[in-house]
Amino acid sequence: MAAGDSAGARGRRAREQALELARRSREAWELAGRWEAAAEAERQVAATLLTLTGTGWRLLVDRRWPGTRTANVDMILVGPGGVFVIDVKRWRDRPGVENGHLVAGGERRDAEVARVLAMARTADEKVAEFGMSPVAVRPVIVFAGHRLDERIGRVRLVGHPDVVHALVAEPRRLTARMVKVVSEYLEEAFPAYEVTVLKGGSVDERPEATALFDVAEVEKAALDSVLHAPIERWMTFLHPDQVAVVRRDWGGPARISGPAGTGKTVVALHRAAHLAARGSGRVLYVTFANNLPRVQGQLFRRLAGHFADRVEFRSLHGWAQAFLTERGVPVNLNSRRAKDAFSHAWMRVGRDSVLVDVEPTPGYWQEEIDYVIKGRGITSLEEYREVARHGRRTALQTAHREAAWLLYEEYELLRKQRGVADFNDVLLAALDELRERPADPPYAAVIVDEVQDLTLVGVRLLHALAGDGPNGLLLIGDGQQAVYPGGFRLADAGIALKGRGTVLRTNYRNAAAILDEAMEVVSEDPFDDLEGPSPNGRRTVDTAYDGGQVIRAVAADAAEHDRILVAALRQLREDGDGGDGEGGALAGAAVLCRSIREIEHYHRVLTRAGLPVLRLENYDGRPVEAIKIGTYHRAKGLEFKHVYLPRHDAEIRPSADGDPARERAELARRQLFVAMTRARDLLWLGSVRR
Ligand SMILES: Nc1ncnc2c1ncn2[C@@H]1O[C@H](COP(=O)(O)OP(=O)(O)OP(=O)(O)O)[C@@H](O)[C@H]1O
C-alpha cells in the first residue's frame, strides 16, 4: 500500500471515531444524569467520558480507595491508552501551573496533586500484581469549566473540554481484550463506594449537552494515537517480579544482574520512567557504547514519551565530554594520536623488555595501560605492584609490573608532548572536576546499563555523580557479557550494595535452541562479575520461548562462505518474515562481525549482491528495511530476529595454552556469546573449514 493511501485511510478512521463519539454524546449525557451518587461536576465529566465507552473504553465511577477509610476515587477509565485515575475539580479560579506547582487564585494547590498521585500509586500496586507497569497508569485531574492541558510530573491536568482528545491521543497500549481484563480487575480492587443508582431523571437539559467535546480536536488526536509506532510486547506488561523491581525503593546504590536477554534493560527503562514520574529531578541513563543511547532513547520515547524530557540518554564519554565543555575544562581528545604515542613508547621501552616474554603483542600491554593502570586510576608504581588485576588471567611478576609501569610512563610522556588526551583522560578529568565542584543541579538518579564494560574510573565517576542516596545509583550488567579486557570490583569504587540487588533469571529474548548453543560457548569459562569471581559459566536460566533455529554453514573457502551467506539473506528477503510486523523481511536481520575490517568486507559483499545495508552506528532502533551490519561490540544491548555471524569461529581456540592465550580465548568466546545472544529466532553460524 502506498504511503499516501495509508495516511488517507488513517485519517478516515480518525474521523469516523470522532463522529461516532459525537453520536454517542446525548445518550451518554442522559445516562450520567441518572448517576445519583456523583456530584454535579463529576456527572458532567462522566457524561463526557461515557462517550468513550462506545469505542472500547471502560469507565468506573465513584470507587472506594482501598487502604483509606472513607476516601473515594472519582473515576477510573481504562482504554487503549492505559489506565487513567481521574479526580474531578470544579474551581471558580482558573487553574494553572507555575514553576512545577498547581496554582489557582494566587495560591498553591499541591495537596490536590499529591492526592491524585497517591490514588495512582494504589492503582500501580494493584495492576503490578498481574505485571502491568506503572508507565501505563496515569493520574489525571479534570477541571470542570476551564480549558487547559498541562503536566506536573506524572500528573496530567486537563480542562473538561480537553479531556476526550487528550486521552484519545495517548499511544495505544492495551488491546480490547486487555481493556476488559484490566477494568474487571480494577472493578474488584476499587469496589463501588456507594451503590450507584440509575434513576429515571436526567441532568439539566443544556444546549452544550450534545457537544461534549470538539469533534475536530478529537479527530486530530485519534490520528496522533495511530501515528505512534506499535507498542512492543514489554511496553506495558512485564513479569510481576520485574514490575516489583521497577517500583522497589532502594536505600542506596543497587544492582540488577542476570544472564543475557533476561530483561535487564527493559526493567531499567521502566524504572527510569518510574523515577521520572516520582520526582522533579532529571534521570541520567548511561551506557558505554555510543550507539545505544540513541536506540534506548527511541524505545523510551515509545514507552513513556511524556517523560522524554526528564530522562537523558548518554554514552559515558559523551556525557563526560559535554560536562567538561560546560565547565570550561579543555581536553583535547585524539585517540589516533594517543595510539601513535603508545606505538612509539612500545618501540622505545616495550619491545625489548621482559614484557615480550609474557606476551609479545603490544595490544596486550596497551590494554594493560587502558584497563588496569589508567582505567583503575592508578597513579604510582607502589599501587600498581599491589593491585589485583581482576579479569586478567595472565599472572605478572614484579619485574613485569615494573616494565609495564615504565611503558606507561613513556606513553604518558609522549602523549603529553603531543598535547592529546585518550578516552581515560576524559573520564579522569571529569572525575577530578566533579570532585572539586559537584554537578549542579545533580541528577535525581543515574542508571548505568552494561556496567561491566566500564572501567573502574568510569564507575567512580558515575558514583560521584549519583551519590549514595536512596534510589540514586542503579547498576545493570552481567560480567559474562564483558567484551573488554580487565575488570573491577564494585567495592573498589567505594560502592557498597549491602544486599540491594536482584538477579533476573528468565530469558525472554532467545528461543531455547539459540540460548543452548550460545551457553555452550562459555559454559566452561569462569568470569568476573563485579561483586566477585563467578567460577561457573553455565548458569541457571529459564527460557520463555521454545524452538528457534541454529544453522551452521561450513564452506570450503572464504568465497564459498560469502556466497552461502548472500544466498541465505536473499532467501530471507523472499520468505518475507523478518521484521515482527515492523518493516519487511530484512528489518529484523543483522550481520555481526568481529572487526571493522570484516564489516567493511561484508558491507561490500552485501551491497554488491543488491541487498540493502544499514551500519549499526546509524541505527536508532526504528524499523528500517535493511540488513543491520556492525561489530559484536556495537551489537551489545541490541537484538534482532535473525542474526548472521560470518566466520564466527575464526578466533575461537581451545584455552589449554599458556595464560595470555587463555585470556584471549576466553574474551573471544565471551564476545561470540554476546553476538549469538542477540538472535531471537534464527542464528546463522558461518565457518570456513580450517
Ligand atoms: N516480561 C517480559 N515479557 C516479554 N518479553 C520481555 C519481558 N521482559 C523482557 N522481554 C523481552 O526480552 C528481550 C530482552 O530484554 P533486555 O534487552 O532488557 O534484556 P537484557 O537482560 O538487558 O539483555 P542483554 O544483557 O543480553 O543485553 C527484550 O526484547 C524484551 O522484548
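Residues numbered from 1 in each chain as written. Predicted model: local features only at pLDDT ≥ 70, side-chain atom pairs only at ≥ 80, totals over all residues.

- In the annotation of an unreviewed UniProt entry, the entry for the protein reads DNA 3'-5' helicase, and the organism field reads Actinomadura miaoliensis.
- Among the UniProt annotations of the protein, the heading Sequence similarities (unreviewed entry) holds the following wording: "Belongs to the helicase family. UvrD subfamily." (UniProt positions renumbered as here; feature names shortened; annotations may be inferred.)

1. Description of the overall build of the protein
Argument step 1. Tallying secondary structure elements over the protein gives 21 helices and 25 strands in all.
Argument step 2. The 690 residues of the protein split such that 46% are buried.
Argument step 3. Nonlocal contacts in the protein, meaning residues at least 24 apart in sequence, comprise 77% of its contacts between residues at least 6 apart. (Helix = DSSP H or I, 4+ residues; strand = E, 2+ residues; numbered from the N terminus. Buried ≥ 20, exposed ≤ 12 C-beta atoms within 10 Å, placed from the backbone. Contact = placed C-beta atoms within 7 Å.)

2. Comments concerning the environment of Tyr619
Argument step 1. By the secondary structure assignment, Tyr619 is in the loop between strand 22 (613-615) and strand 23 (627-631).
Argument step 2. Tyr619 gets classed as buried once you count the C-beta atoms within 10 Å, which come to 21.
Argument step 3. A C-alpha to C-alpha distance of 10.0 Å links Tyr619 and Gly630, two positions 11 residues apart in sequence.
Argument step 4. What Tyr619 contacts, discounting residues up to four positions off in sequence, is Asn291, Val295, Leu614 and Lys628.

3. Some points on the UniProt feature "binding site: ATP" (unreviewed entry) in the protein
Argument step 1. The sites that UniProt annotates as "binding site: ATP" (unreviewed entry) are Gly258, Pro259, Ala260, Gly261, Thr262, Gly263, Lys264 and Thr265.
Argument step 2. Mapped onto the fold, Ala260 is located in the loop between strand 10 (254-257) and helix 8 (264-278).
Argument step 3. On the neighbour-count criterion, Ala260 (23 C-beta atoms within 10 Å) is buried.
Argument step 4. As for its placement among the helices and strands, Thr262 is situated in the loop between strand 10 and helix 8.
Argument step 5. The buried category is assigned to Thr262, around which 23 C-beta atoms lie within 10 Å.
Argument step 6. Apart from residues lying up to four places away in sequence, Thr262 is in contact with Leu504, Arg505, Thr506 and Asn507.

4. Thoughts on the nonpolar core
Argument step 1. Val83, Val85, Ala272 and Val446 are the most contacted members of the largest nonpolar core, which has 186 residues in total.
Argument step 2. In this structure Val83 touches Ile76, Val78, Ala123, Val127, Ala136, Val137, Val182 and Leu186, once residues within four positions along its chain are discounted. (Core = buried A, V, L, I, M, F, W, Y, C linked by C-beta atoms within 7 Å.)

5. Some details on the domain arrangement of the protein
Argument step 1. Annotation of the protein at the domain level lists domain 1 (3-227), domain 2 (240-329 + 441-507), domain 3 (335-420) and domain 4 (527-688).
Argument step 2. Each partner contributes to the interface: domain 1 provides 13 residues, whereas domain 2 provides 14 residues.
Argument step 3. Of the residues in the side of domain 1 that touches domain 2, the class split is 5 nonpolar, 4 polar and 4 charged. (Domains from an automatic or database assignment. Nonpolar A, V, L, I, M, F, W, Y, C, P; charged D, E, K, R; others polar.)

6. Section: the sheet that holds strand 7 (residues 137-144)
Argument step 1. One open sheet holds the 6 strands; their spatial order is 1-2-3-7-9-8, and the pairing between them is mixed. Across the chains shown, the open sheet's two edge strands, defined by having one partner strand only, are strand 1 (58-64) and strand 8 (149-152). Direction aside, the axes of adjacent strands within the sheet are offset by 25 degrees on average.
Argument step 2. Note: strand 2 (residues 72-79) against strand 3 (residues 82-90), 5 bridges, orientation antiparallel. Paired with Gly79 across the two strands is Gly82, which belongs to strand 3.
Argument step 3. Helix-sheet contacts for helix 5 (residues 176-189) involve strand 1, strand 2 and strand 3, and the interaxial angle to strand 2 is about 165 degrees. (Pairing = 2+ DSSP bridges. Axes fitted to C-alpha atoms, helices over the stretch in contact; angles between N-to-C directions.)

7. A look at the environment of Arg310
Argument step 1. Relative to the helices and strands, Arg310 is located in the loop between helix 9 (292-304) and strand 12 (311-315).
Argument step 2. Taking the C-alpha atoms as reference, Arg310 lies 24 Å from Leu427; in sequence the two are 117 residues apart.

8. Points about helix 13 (residues 362-373)
Argument step 1. Taking 1.5 Å per residue as the helical rise, helix 13 with its 12 residues ought to reach 16 Å, and the 15 Å between its terminal C-alpha atoms agrees with that figure.
Argument step 2. Residues of helix 13 that are buried include every one of Trp365, Gln366, Glu368, Ile369, Tyr371, Val372 and Ile373, and no others.
Argument step 3. Here the buried face of helix 13 lies against helix 11 (335-350), helix 12 (355-358), helix 14 (381-386) and helix 15 (398-418). (Expected span 1.5 Å × (residues − 1).)

9. Describing the pairing of strand 2
Argument step 1. The buried count for strand 2 comes to 7 of 8 residues, which makes it a mostly enclosed element.
Argument step 2. Pairing analysis gives 6 bridges linking strand 1 to strand 2, with the strands arranged antiparallel. Along strand 2, the bridge assignment pairs Leu60 with Ile76.
Argument step 3. Hairpin connection of strand 2 to strand 3: 2 residues between the antiparallel strands.

10. Comments concerning the site of the ligand
Argument step 1. Around the ligand lies a shell of 21 residues, among which Ala260, Gly263, Lys264, Thr265 and Tyr508 are the nearest.
Argument step 2. Ranked by residue count, the leading element in the shell around the ligand is helix 8, at 3 residues.
Argument step 3. Across the shell around the ligand, the residue classes break down as 5 nonpolar, 10 polar and 6 charged. (Near = placed C-beta within 6 Å.)

11. Brief notes about the sheet that holds strand 22
Argument step 1. Pairing is parallel across the open sheet formed by 6 strands, whose spatial order is 20-25-24-21-23-22. This sheet does not close on itself; its edge strands, each paired only once, are strand 20 (549-555) and strand 22. Within this sheet the neighbouring strands show an average axis-to-axis angle of 20 degrees, counted without direction.
Argument step 2. Looking at chain direction, strand 21 (residues 589-593) and strand 23 are connected through 4 bridges and run parallel. Of the residues in strand 23, the one forming a bridge with Leu592 is Gly630.
Argument step 3. Against the sheet, helix 18 (residues 512-522) engages strand 20 and strand 25 (679-688), with an angle of about 55 degrees to strand 20.
Argument step 4. On the sheet, helix 20 (residues 596-608) packs against strand 21, strand 22 and strand 23 and is oriented at approximately 160 degrees with respect to strand 23.

12. A closer look at unusual backbone geometry
Of all residues except glycine, most have a negative phi; of all peptide bonds, most are trans.
Argument step 1. The phi dihedral of Asp62 falls on the positive side, at around 55 degrees, and the residue is not glycine.
Argument step 2. Along the polypeptide, Asp62 turns up in strand 1.
Argument step 3. Backbone geometry places Arg647, a non-glycine residue, at a positive phi of 45 degrees.

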